[in-house]
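# Geometric and topological summary
The primary structure of each chain is shown beneath.
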Amino acid sequence: HSKLLRDPSILRVLDYGVGNDRPFVVYEPFDGDSLGAVLDRARQERAAVPLEVLREVFDGVASALEFAHAFLHAEQAQAGPACGGRVHAGSIVDL
């Protein structure tokens, strides 16, 4: 179902597996710096991350979560009630 999860704030996984006994994930390319690079740069410069950058990051994460939430509700509605009233909890990784 993850191939159906398309939103500008969610990177698609292009490939995954194990190589040299280490797991790997290949995401689609994206423009800009990763959050890790932004935080590393701020730490090296002993500066705060600019508010507009933080706002952009949080807006993107919120958008992705909102989309994924709606998607999961639609999937659950199509599947019908869960057996015994139990619902499987999923995980969102690397948004």
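As a reminder, the structure under discussion sits directly above these lines.
No experiment lies behind these values; they were computed from the predicted model shown.

Let us now look at a nonpolar patch on the surface. A contiguous nonpolar patch, built from Val13, Tyr16 and Val25 and spanning about 330 Å² of accessible area, is present on the exposed surface. Its place among the elements puts tyrosine 16 in strand β1 (residues 13-19).

So, about the pairing of strand β2 (residues 22-27). Note: β1 against β2, six bridges, orientation antiparallel. If you follow glycine 19 over to β2, its bridge partner there is arginine 22. Where β1 folds back on β2, the antiparallel hairpin that results is connected by two residues, among which asparagine 20 adopts a positive phi of roughly 55°.

Throughout the structure, instances matching the rule amount to three salt bridges. The partner of glutamate 28 in a salt bridge is arginine 12, with the nearest N and O atoms 3.6 Å apart. With glutamate 28 in the loop between β2 and α1 (35-45) and arginine 12 in the segment before β1, this pair connects stretches of sequence that are 16 residues apart. For arginine 12, a relative accessible area of 34% puts it in the partly exposed group. Measuring nitrogen to oxygen at the nearest pair gives 2.8 Å for the salt bridge that ties arginine 41 to aspartate 33. Note on arginine 41: relative accessible area 37%, which makes it partly exposed. Judged by relative accessible area, which is 47%, aspartate 33 ranks as partly exposed.

Let's shift gears to the nonpolar core. If you look at the biggest cluster of nonpolar residues, it comprises five residues: Leu5, Ile10, Ala64, Ala68 and Phe71. With residues up to four places along the chain from it excluded, the contact list for leucine 5 reads Ile10, Phe67, Ala68 and Phe71.

Let us now look at the side chain of aspartate 7. Following the sequence through the fold, aspartate 7 ends up in the segment before β1. Nearest to the buried, unbridged aspartate 7 among oppositely charged side chains is arginine 6, at 11 Å. A polar side-chain atom of aspartate 7 sits 2.9 Å from the main-chain amide nitrogen of serine 9. Dropping the residues within four chain positions of it, aspartate 7 is found in contact with Ser63, Ala64 and Phe67.

How each quantity is defined
Residues numbered from 1 in each chain as written. Predicted model: local features only at pLDDT ≥ 70, side-chain atom pairs only at ≥ 80, totals over all residues. Heavy atoms only, no water. Patch = residues over 30% accessible without salt bridge, like charges linked within 9 Å, V, L, I, M, F, W, Y side chains within 5 Å. Areas by Shrake-Rupley, 256 points an atom, 1.4 Å probe, with all protein chains shown as cover. Salt bridge = Lys/Arg side-chain N within 4 Å of Asp/Glu carboxyl O. Helix = DSSP H or I, 4+ residues; strand = E, 2+ residues; numbered from the N terminus. Pairing = 2+ DSSP bridges. Buried < 20%, exposed > 50% of the residue type's maximum accessible area, 1.4 Å probe, protein only. Core = buried A, V, L, I, M, F, W, Y, C linked by side-chain atoms within 4.5 Å. Contact = heavy atoms within 4.5 Å. Lys, Arg positive; Asp, Glu negative; His and termini not counted. Polar contact = N/O pair within 3.5 Å; in protein donor to acceptor, adjacent residues only side chain to side chain.

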